[in-house]
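Coordinate inspection notes
Single-letter residue listing:
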Amino acid sequence: IVDTTIQNQVQTVEIVRPKIVQKIVQRKKPIIQDEIRQVPKIMKQYVHVQKIVEREVQIPQVQIVDKIVEVPVQKQVQVPMITKVQKEVQIPQVEIVEQQVHIPIQKHVQVPMISKVQKMVDVPQVEFVDTHIHIPVQKQ
């Protein structure tokens, strides 16, 4: 076992604590005067200007010479050739048979039509009432 001694050192530290004081202070409010001035703004704008320059230009003179050359005209015309071809045609023989057919003649006659109309008639109803009477029979 080893004996150890520990020494505690004590240091004193001074701290300054600020003191808070609340106080109402009166001050004068400044007066602000607004004055609006119109200031022109200068803007640059580019404008294209066409400049006309006159120059002398030499134009060559042109001479037109007409030369007439005769060209022979050749026309080609196609002429159709007519060829004759013989063709055999068979003609069928036709036999005519006459037959008389009797066609009956039809006559149209208008016949009057009799239509029956039903008429409602009230018929009186007769009611028969039968009464049964019992008659005693005597035996002799």
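Structure: see above.
Below: a short report on this structure.

Procedures and definitions
- Residues numbered from 1 in each chain as written.
- Predicted model: local features only at pLDDT ≥ 70, side-chain atom pairs only at ≥ 80, totals over all residues.
- Heavy atoms only, no water.
- Helix = DSSP H or I, 4+ residues; strand = E, 2+ residues; numbered from the N terminus.
- Rg over C-alpha atoms; globule rule 2.2 N^0.38 Å.
- Areas by Shrake-Rupley, 256 points an atom, 1.4 Å probe, with all protein chains shown as cover.
- Lys, Arg positive; Asp, Glu negative; His and termini not counted.
- Charge placed at Lys NZ, Arg CZ, Asp CG, Glu CD.
- Salt bridge = Lys/Arg side-chain N within 4 Å of Asp/Glu carboxyl O.
- Buried < 20%, exposed > 50% of the residue type's maximum accessible area, 1.4 Å probe, protein only.

So, the overall build of the protein chain
A count of helices and strands for the protein chain gives zero helices and zero strands. Relative to a compact globule of 140 residues, whose C-alpha radius of gyration would be 14 Å, the protein chain shows 75 Å and is clearly more extended. A total accessible area of about 20700 Å² is found for the protein chain, and carbon and sulfur atoms account for 54% of it. Charged side chains in the protein chain number 19 positive and 14 negative. The centres of these two groups are separated by 18 Å.

Re the pattern of salt bridges
When charged atoms on two side chains of opposite charge get close, those side chains can pair. Applying the stated rule across the entire model yields one salt bridge. One salt bridge in this structure joins Glu35 and Arg37, with 3.5 Å as the shortest N-O distance. In this pair, the class of Glu35 matches that of Arg37, namely exposed.

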